[in-house]
Amino acid sequence: QTQKNIGFRFFQNRKRRMLLANNLRKLDDLRDSGFVSEEEYQDRKAKLLDADPEHDPSFFRLSESIYQTSVSSSTDSSLTRGFLEYHVKPKKSFVQKLHKANTTSKQIRLFVSSTFVDMVEERSLLVSNVFPHIKKICRQRNINFVYVDFRWGITKEDSAGGKVLELCLDEIDTCRPYFLGILGQRYGWCKSGAVPDKALEETFTNAEMRYPWIQKYTDRSITEIEMLYGALFFPELASSSLFYLRDESYANGKPNWKSTPNSPEEKKLDQLKSQIRNSGLKVTENYKDPKVFAEMVLKDLTEIIERDFPISRTKKETVIEREERQMKSFASENAHPRDALEIQLNNYLKEKRGTPLLVVGEPGSGKTSLLAHWIQKQTEGTTVVVSCFFGLIHQKVHKNIYYILSLLKKEFGFSKEIPVDPTELLHSLTEWLAMVAATGKELILLLEGINHVEGDNLSWLPKQFPASVKTIISCTTGTEYYTDLTSADRSWKNVLNITPLTDSEKRELIKTYLETYSKKMSFVETQALVQARASQNPLYLRTILHQLVMHGNYDNLLKFIEQFTITENLDQLFDIVLELLEKEHRLPEAPNFMKDVLSLIGVSRYGMVEAELVAILKVYQQSPWSSLFAAIGPESIFKQSGVIRFRNIRFQEAVRRRYLSKNSEEEKYRNRIVEYFATKEISERKIHEFPWQLKQLSKKSELLNFLTSDIKILTNLYTPLTKFDFFGYLQATGESSKVADAYIRLLKQQEASASPSEYGEMTYKAANFLFESGNLSLAVPIFTKAVQILVDLHTEKSKEVANVLYDFSLLYTQQARYEEAENMVDRCMKIRKNLFGSSHPKVADCLWSKALIKKKQSNFADSILLYKQALEIVTKSFGAYHPQVAQITKTMGDVYRLQSLYDKATELYEESLAINRSNFGNMHPSVAECLDCLGRISKKEGHYTRAKALYDEALTILTQLYGATHVAIAETCMNLADVERKVTNFSASEELYKKAIRIFIHEFGTNHPDVAECYNSMGILYKDLGKHEEAVKYIENGIAILNVVFPSGHLKFARFFNNLADIYAIMAKFSQAKELYLKAMKINEAKLGTEHPEVSENLNAIGKIEKKRGNYAEARRCYERSLAIVTKVYGDEHPKVALFLHDLGVIYRKEKMFDESWKTYSRAKELNSIHFGENSAAVGQNLNGLGMILKKKGDNAGAQEMHEEALRIMERVYGPHHEKVALTLNYLAETARKQGKYTYDGAEKLYNRALEINMRCFGEEHPEVAENLNGLGQVYKNQMNYAKAETIFKKSIEISERTLGTTHPHVINRHKNLAELYESWGRVDDSKVVWQKYEVIKKQREAEEVAMRNESFRV
C-alpha cells in the first residue's frame, strides 16, 4: 500500500510537472519572439522552478520505479498490462487514433529520420530533387504534401533546454503513418563514455514528462528512439514507413562517418538494423550512393501515394472547380496575418457605399499574403465571397472575368449563360454585379493583383459598384493600372496603403512561415533577419526563408542567413540567390542548366511550358526540373495554366541583368525557342510565341512565311485582343502586301469547305484586317462579298449587315471615295433607324461618320450640320450638360479650328470646358483636353505665353490623374514642346518630344499617326539645332508611317513634305526641296483652298528656294503673295507676318531696294520684340538684316554695332557652334573687311571661326562654306597674300559650282573676284581667261532667268 501511495504521488508529481512544462514552453515562445531578453528569460525560468517543491527529476524517476514495482506484483492484470504498455512503449490505441486521424485528412506529412553528419547528401537530395516531384504527384490528387526534416529547425535554446527529443516525437505523431528512416554507419547522438552529456540527459528528462516510456531507452540514440516510436514499436501500423540502409563502403575514408569498431554504439547500431530487417516493413539495403537512394525513395513514395490516394479515385473536377481549388490552395499557402491592416479591411465592410477599397503597395510589400489571410476568414461567415487572384491561373483578362462570372453563377444560382466572346466578356462584369444586387444578398468580391494580367487598360472594370457588393482591389504602385485606379475619373477615395513590416510583424512572419515546415529559429537568428535593412519588405523575408528551408544547415545557420542579410534591397538579394543556385544546379548534360532555363523564360513572351524547356535543353529526367523550380521558390517563379512564368518583376529584372544584358546572349536564347517551334504544328502556343520571337530577331522572311502559311493564323491573331500584335508582325515583315495577297488566297480555299456562317465571319474578319492593315483596295471586294454573305444569312435589315456597312463606309472614307462611303453609311443608318429608332445613339454614330466624310471633303458647313444633328440626339437623350455633349461640342470646335476660324473654335472649346468642369470639377481628363485645344488656338495665334500656361495646366491635371506615362500626357507634351521650340527653349522641347515618342510607341506601336507627328516635330527641332542629317531621318520615318496609315494625298503629307523640304533647302539640295514644296502646296490647295495659311507657308518656302537659286524676282512674288495671305488670315500683328516680312526684306536687299528692305526689317524686328522679346533669335536675325542694309549704304560702324548685338543674341540662344552664329560671324567679318580690318584679329579671325562652324555643321561641300571661303579670299587679297587668296577663291568656286550649279549668281560673282585678284597680282593673261568665262556664264544665267520666269508663271 505504501508503494502504491508513492506511485500515486508520482502521478500527482507528474501533473505538476506537466503544468510546469507548459509554463516553461510559453516562456520559451516569449523569448523566441523577442519579447523577453535572455537575461529576463533565465530569471523567470528560475522562479518557475523554485515555485515547484518537487521538481527534482530524481524523485520523479524514483516514484515511477516504485509504482512499476507495485503494479507488477498486483493481481489486477489489466492494470499491470496497461501500465507496462504505457511505460515500456507508447499505447497502441493512442497510435491507432493518430494513424486514423492523419490518413483521413487531405495531407501527407512525412517525417525524415537519420543521423546528420553522414547523411547531409541524402537529406539534401530529398529536399531538392525528390520532394518537389512528390508534391507534384500529390497535387494531381488534390492532396497536400509536407515533409519534416530536422537538418535544422530546432533552435539552440530548445537544444540547450533539452527539448530536442520531445519536439521530434511530437512531429512524428503529426506525421503518422508516414515515416522515412535512413541509416549508414553512425548510430547517432547517445550516451557515450564516462563523461556525462548534460544536454542529452536533460533532453531525456524533459521528454519523459510526456513520454514516460523513454526512461527505458535512455541508453539509446535519438535516431533509434525516433525509429522505434515512428515505426518499429508497432510495425503492423507502419505500412507507410520506409527504411534505407546504405552500403558500408560509401563511408570509407570519410572522417566521423562510422561508429568506433567494437564499441557499444556499433553493437546497438547492428541491433537496430536487425530489428528493422525483421520488422516486416519496406527495407532497402546496401544502396550505393545518395543519387541511387533518391531514385529509390521517389519510386517507393510514389507507390505509397498511389496506394493510399489512387488517381482513379480522385474526384473529377470541372475546369472551374479545379481553378477554384487552386485559388483556395494558393490563398492558404500564402496567407499571413497583419492585424492592424485587417482591422481597416473589416471597417470597410461596414460601409454602406459601393465604392471599392483599393489595396496598394510596392512589389513584394505583402498585398497578396494579407488579402489571402483576410479573405479566408471571411469565408467562415454567411456572406458570399468570390475571390480571384489575377495572373495565378490566367493571364488574359477575359479568362479571369469568365472565372469570376462562373463563381457568381454558381453562388447565386443565375440561369444566364456566360458570354464566350472575349470582347463581350470584357464588358459583362457590370451587368452581372447588377444581377447580384437584385438578389438582395451581399457579396465580398476580391480582385487581387489586377496588374498581373495582359491588357492596356482597365476598361473592363466597372467605375461604379452596387452598394451590396464590397469590392477589394489590389494593385502594385507605379503601374499604369495603379494610375487608372487612382484617377479622378473613378473618384475612388478608399485606399489602403500597405505599410512596411514592423519588427513584431517580421517575427510573426518568420515564425508562421517556418511552422509550415516544422522549423524554428533562435532569437539571435531571428534578430539577424529582423534587423536586415530590407526586411520590412515581406518578399525579401520570404525569399530568404525559402532559401533557409531549402539549403540551411544547423551547424552554420547564422552564417547562412548573414550572406543574405548583408544585401540592402531585393535586387542585391536576388543576385546572391542566383549565384547560390547556379552552383547547386549543374548537370553533366547541361552545365548552365539554371541559366539556360531562366534565360529561356526571360526572353519568352509570357513564359514557357515545361515540356518546351525539356525539349529545348534535352534534360529528360524529371528530378532536375522539380529540384530547380523548388529551389527558386514560389515567391519568384510559378506555373500558370501550364506555363512557367516569373512571379515578380524584381526577380525577372535580376535574371535579365545577370544573364541577358548582352544582345548576343538574348539572341542566342530567342533562336533556341524559334528552332523548337519551327518544327511544331500550328497551335495556340505557337501562334502566340513563334511570330513574336521572329519579330524580336528581325527574321523577316521566316515571319512572312509563317504568317502566310495558314488561315488559322489570321483567325487566331486578328482579334480585338491581339490584332495590334498582328499588325506589328506585318510591319516587321516589310511585306504587308504579300501577307494580304496570301490571306485572299487562303480565304478563297475555305469557300468550299467552310459552312456559310463560318465563311461569312471569316470573310468579314479578312475584310476588316485588309482595311486596318492599309490594303484598302484589296479590302473592297472582300467587304462586298462579306455584305452579300451576311445579307443572305441575316437579311438586309439585320444589325450584322448594319455593322459591316458601317465599317465599309469607314474604308471608303479612308480611300477618299466619299460618294460610296456616304452611300454605305446611309444604308447603315436606315437599318439602325428601323431597328432602334431615329434618336438612338447608334444613329448618332452614323451621323458622326457622315460628318467625318464631309470634313474630309473640306465641306465644313455640312460637317458642322451633321455634328449638330448628332449633338441634338445626345442632348435629348442625356441633357445639355452631359459629358457626351461636351465631347461633341469640342469636336465641332476642331472643325472650326481647321478652317482657321479661331474665334468660333475658342467659343466651342470654352463651352465644352465649362460643361466638363460642372460635371467633373477641375481635375478631370476632359477638362485637360479642352485646355489643350485652347492651347492650340493660342499657339496658332502666336500667343505663346498663354499657350504655354494652358498646356502646363492641362499637363498638371493629366499627370496627377494618370501619372507621367499616359497617352494623354504624350499629346500635351508634344504641344508644349512645340511652344518651347517656338520660343527657342530647345533642351526642354527635345526632352518633351522624346517623352511623347516613348509613350506613343509603348501605347500604339511604331506605325501610328501620333508617332509620325512626334518624328516630324523632332525633325523640325533638329533642323533648328543644326543637326540636319538627324532631322531628315526623323521626318522620313514619319512619312514612312503616314504611307502605311493614310492614302496618298492626305493632308498630313503636305506638312511633312514641307518640313523635309525645309531641311533639304538648308542642305543646299534645292531641286529636292522645291519638288517637295510643290507637292505640299498641291495637297494644301486641294484640301484647304488657295487662301489658307498653309498655302502661304508653301509659297514662302518656294520663295526661299528661288532666292537661293538667284531668281530674286520670282522669290519676291512668292513672298508678297504669302505675306498677303497671312495678313488676311491673322492680321498684321501676327508672328508669321514678322517672319514673312523678314524674308521679303532679304529679297528687297538682294534687288538693291534698300529703303523698302529697311522698312520691312524694322517692322519685323518690332513685331518679334513684342512676341519673343528683345533677346530672341528672331530679333537677332532682323538685326543682321538691318546691319547689312547699313553696310550697303556705307555705314560700316553702324552695321558692326548691329551685327555684334545679333552675335550676342545668337550665341546666347544657340551656343557658340550653331550655323546661325556662323552666318552672323560672316556678316560681321564682311563689315570688318569693309572697314579695312584685314588682320588676324579683324576680318580674318571672324571668317575662320565662321568657316570652322559651317564645316562642322555641313561638311566641306556646302554653299555657306563657299561663302566663308570667298570672304576669306577677299581678306588675303587685301593683305596682298595673292597666292593664298587664289587657292581660297578657286576652292570657293569649285564648291559653289557643285552645290549651286555653274550659273548661279554666287558662282558668277566669285569668278569676278578671281579675275580682279589676277589683275591686282599683275597676271593679265590669267585675268582675261577668267573674265571671258565670267561673261559666258553671265549670259547663260540671263537666259536661264527668262526660262525660270516662264516656269514660275506656269506653276
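Analysis parameters
- Throughout, residues of each chain are indexed from 1 in the direction in which the sequence is written.
- Thresholds applied to this predicted model are a pLDDT of at least 70 for local features of residues and 80 or more for the giving and counting of side-chain atom pairs; totals over whole chains, interfaces and linings are not thresholded and use all residues.
- The side-chain values count all of the structure's non-hydrogen atoms but skip hydrogen atoms and water molecules.
- In summary, the pairing rule links any two rings of Phe, Tyr or Trp, Trp by its six-membered ring, whose centres are within 6.5 Å, and it sorts them by plane angle into stacked for under 30 degrees, edge-to-face for over 60 and tilted for everything else.
- Each residue is assigned to one of three classes by its accessible area relative to the maximum for its type, calculated with a 1.4 Å probe on protein chains only: buried under 20%, partly exposed between the two thresholds, exposed over 50%.
- Whether a charge sits over a ring comes down to the Lys NZ or Arg CZ being within 6 Å of the ring centre and within 35 degrees of the ring normal.
- In this scheme, patches are assembled from residues that exceed 30% relative accessible area and form no salt bridge. Like charges are connected within 9 Å, while nonpolar side chains (Val, Leu, Ile, Met, Phe, Trp, Tyr) are connected within 5 Å.
- Surface accessibility in these figures is a Shrake-Rupley result with a 1.4 Å probe; residues are shielded only by whichever protein chains are displayed.
- One speaks of a salt bridge when a side-chain nitrogen belonging to Lys or Arg is within 4 Å of a carboxyl oxygen belonging to Asp or Glu.
- Counted as positive: Lys and Arg. Counted as negative: Asp and Glu, with His and the chain ends omitted from the count.
- In plain terms, the charge of a residue is placed at NZ if it is Lys, CZ if Arg, CG if Asp and CD if Glu.
- By the criteria applied, helices consist of DSSP H or I runs no shorter than four residues and strands consist of E runs no shorter than two, each listed in order from the N terminus.
- In plain words, nonpolar cores are sets of buried Ala, Val, Leu, Ile, Met, Phe, Trp, Tyr and Cys residues tied together by side-chain atoms within 4.5 Å.
- Contacts are residue-level and defined by heavy atoms, with any inter-residue pair within 4.5 Å sufficient.
- Confidence of the predictor at the level of single residues is given by pLDDT, which spans 0 to 100.
- As a rule, the C-alpha atoms of each element are fitted with a line to give its axis, helices using only the stretch in contact, and angles between N-to-C directions run from 0 to 180 degrees.
- Working rule for angles: under 35 degrees goes down as roughly parallel, over 145 as roughly antiparallel, 65 to 115 as roughly perpendicular, anything else as oblique.
- Should the near helix be turned anticlockwise from the far one by less than a right angle, the crossing is termed left-handed; should it be turned clockwise, right-handed.
- In this count, Pro and Cys sit with the nonpolar residues alongside Ala, Val, Leu, Ile, Met, Phe, Trp and Tyr, while Asp, Glu, Lys and Arg are called charged and the others, Gly among them, polar.
- Residue count minus one, scaled by 1.5 Å, sets the expected span of a helix.
- Working definition for bend: take the seven residues up to and ending at a residue and the seven starting at it, fit an axis to each, and measure the angle between the axes.
- Pairing between strands is defined by DSSP: at least two bridges between them are needed.
- Here, the arc refers to the directions that run from the helix axis to the C-beta atoms.

Asker: Describe the packing of aromatic side chains, and please don't skip the residues or the numbers.
Answerer: Taken as a whole and assessed by the stated rule, the structure comprises 34 aromatic pairs. Both rings, one in Y211 and one in W213, keep their centres 6.3 Å apart while their planes meet at 75 degrees; by these two values the pair is edge-to-face. For the pair Y211 and W213, a shared accessibility class is recorded, and that class is buried. Put simply, the rings of Y211, W213, Y217, Y229, F233 and F234 pair up and form one aromatic cluster. For the cation-ring pair, R176 lies above Y229, with the distance from its terminal atom to the ring centre recorded as 4.4 Å.

Asker: Could you give an account of a positive patch on the surface, naming the residues involved and the relevant values?
Answerer: A cluster of basic residues, K1152, K1192, K1234, K1312 and K1338, forms a positive patch on the protein surface. Within the secondary structure layout, K1234 lies in helix α57 (residues 1219–1234).

Asker: An account of the nonpolar core is needed here, citing residue identities and associated values.
Answerer: Burial of nonpolar side chains together is a common tendency in soluble globular proteins. With 298 residues, the main nonpolar core has F131, L598, L707, F726, Y743 and F769 as its most contacted residues. Contacts of F769, omitting those with residues within four sequence positions, involve L714, Y718, F726, F727, L730, V739, A740 and Y743. The next biggest cluster of nonpolar side chains, apart from the first, holds 62 residues, and it includes L345, L433, W460 and L485.

Asker: Which residues make up the environment of S1320, and what values go with them?
Answerer: In this fold, S1320 is placed in helix α61 (residues 1305–1321). Spatially, the C-alpha atom of S1320 lies 8.5 Å from that of Y1282, the residues being 38 residues apart in sequence. Those residues in contact with S1320 that sit more than four places away from it in its chain are K1277 and Y1282.

Asker: Please set out the confidence of the model for the chain residue by residue, giving values where relevant.
Answerer: For the chain, per-residue confidence averages 83 on the pLDDT scale, and 88% of positions sit at 70 or higher. Overall, residues 1–12 carries pLDDT values under 50, and its contacts beyond four positions in sequence, including any with other chains, amount to 17 contacts. Every residue in residues 53–87 scores below 50 in pLDDT, and together they form 58 contacts with partners more than four places removed in sequence or on other chains.

Asker: Any details on the packing of helix α47 (residues 1009–1024) against helix α49 (residues 1051–1066)? Residues and values, ideally.
Answerer: Running from amino to carboxyl end, α47 crosses α49 at an angle of 25 degrees, the nearest separation of the two axes being 10 Å. With respect to each other, α47 and α49 are oriented roughly parallel. For the pair α47 and α49, the crossing hand works out as left-handed. Contacts between α47 and α49 involve A1012, E1013, N1016, G1019, I1020 and K1023 from the former and K1052, R1055, F1056, N1059, D1062, I1063 and I1066 from the latter. Its residues assigned to classes, the contact of α47 with α49 shows five nonpolar, three polar and five charged.

Asker: Just give me the short version of helix α6 (residues 120–140), but keep the residues and values in it.
Answerer: With 21 residues, α6 extends 30 Å from end C-alpha to end C-alpha; this agrees with the ideal 30 Å at 1.5 Å per step. Of all bends in α6, the biggest is about 40 degrees, found at V130, and the proline P132 comes one to four residues later. Positioned one or two residues after α6, N142 has a phi angle of 65 degrees, which is positive.

Asker: Explain the pattern of salt bridges to me, and be specific about the residues and the numbers.
Answerer: Taken as a whole and judged by the stated rule, the model has 65 salt bridges. Among the ionic pairs, K506 bridges to D503, the shortest N-O distance being 3.5 Å. In this pair, K506 and D503 are both assigned in helix α20 (residues 503–515), three residues apart and thus about one turn of the helix distant. Judged by relative accessible area, K506 falls into the buried class, the value being 7%. Residue class for D503 comes out partly exposed when judged on its relative accessible area of 41%. For R1163, the salt bridge is made with E1166, and the minimal N-O distance between the two is 3.3 Å. Within this pair, R1163 and its partner E1166 are both found in helix α54 (residues 1154–1172), separated by three residues, close to a single helical turn. Taken together, the shared-partner salt bridges in this structure form one network comprising E822, D826, K850 and K854.

Asker: Give a description of the side chain of N334 that names residues and reports values.
Answerer: Mapped onto the elements, N334 comes out in helix α13 (residues 319–334). If sequence neighbours within four positions are ignored, N334 has contacts with S369, A372 and R542.

Asker: Tell me about the packing of helix α25 (residues 593–603) against helix α29 (residues 663–678), residues and numbers included.
Answerer: Relative to each other, α25 and α29 sit at 85 degrees, their axes nearing to 9 Å. Put simply, α25 runs roughly perpendicular to α29. Every residue of α29 that contacts α25 at K595, D596, S599, L600 and V603 is listed here: E665, E666, Y669, R670, R672 and I673. Its residues assigned to classes, the contact of α25 with α29 comprises four nonpolar, one polar and six charged.

Asker: Give me the lowdown on the sheet that holds strand β10 (residues 495–497), citing residues and values where you can.
Answerer: Reading across from one edge, β7-β8-β9-β6-β10 is the order of the five strands in this open sheet, with parallel pairing throughout. The open sheet is flanked by β7 (384–389) and β10, the only strands paired with a single partner. The sheet shows a mean angle of 15 degrees between the axes of neighbouring strands, direction not considered. Bridge count between strand β6 (residues 357–361) and strand β9 (residues 469–476): five bridges; the pairing is parallel. Residue pairing in the sheet places L358 in a bridge with I473 of β9. The strands touched by helix α15 (residues 367–378) are β6, β7, β8 (443–448) and β9; relative to β8, the strand with the most contacts, the crossing angle is about 160 degrees. Strands β7 and β8 of the sheet are contacted by helix α16 (residues 397–412), whose axis makes an angle of about 165 degrees with β7.

Asker: Any chance you could break down helix α18 (residues 429–438) for me, citing the residues and the numbers?
Answerer: Those residues of α18 not exposed but buried are L429, W432, L433, M435 and V436. Projected down its long axis, α18 carries its buried residues within an arc of 150 degrees, all on one side. Where α18 ends, the next residue or the one after it, G440, has phi of about 80 degrees, a positive value.

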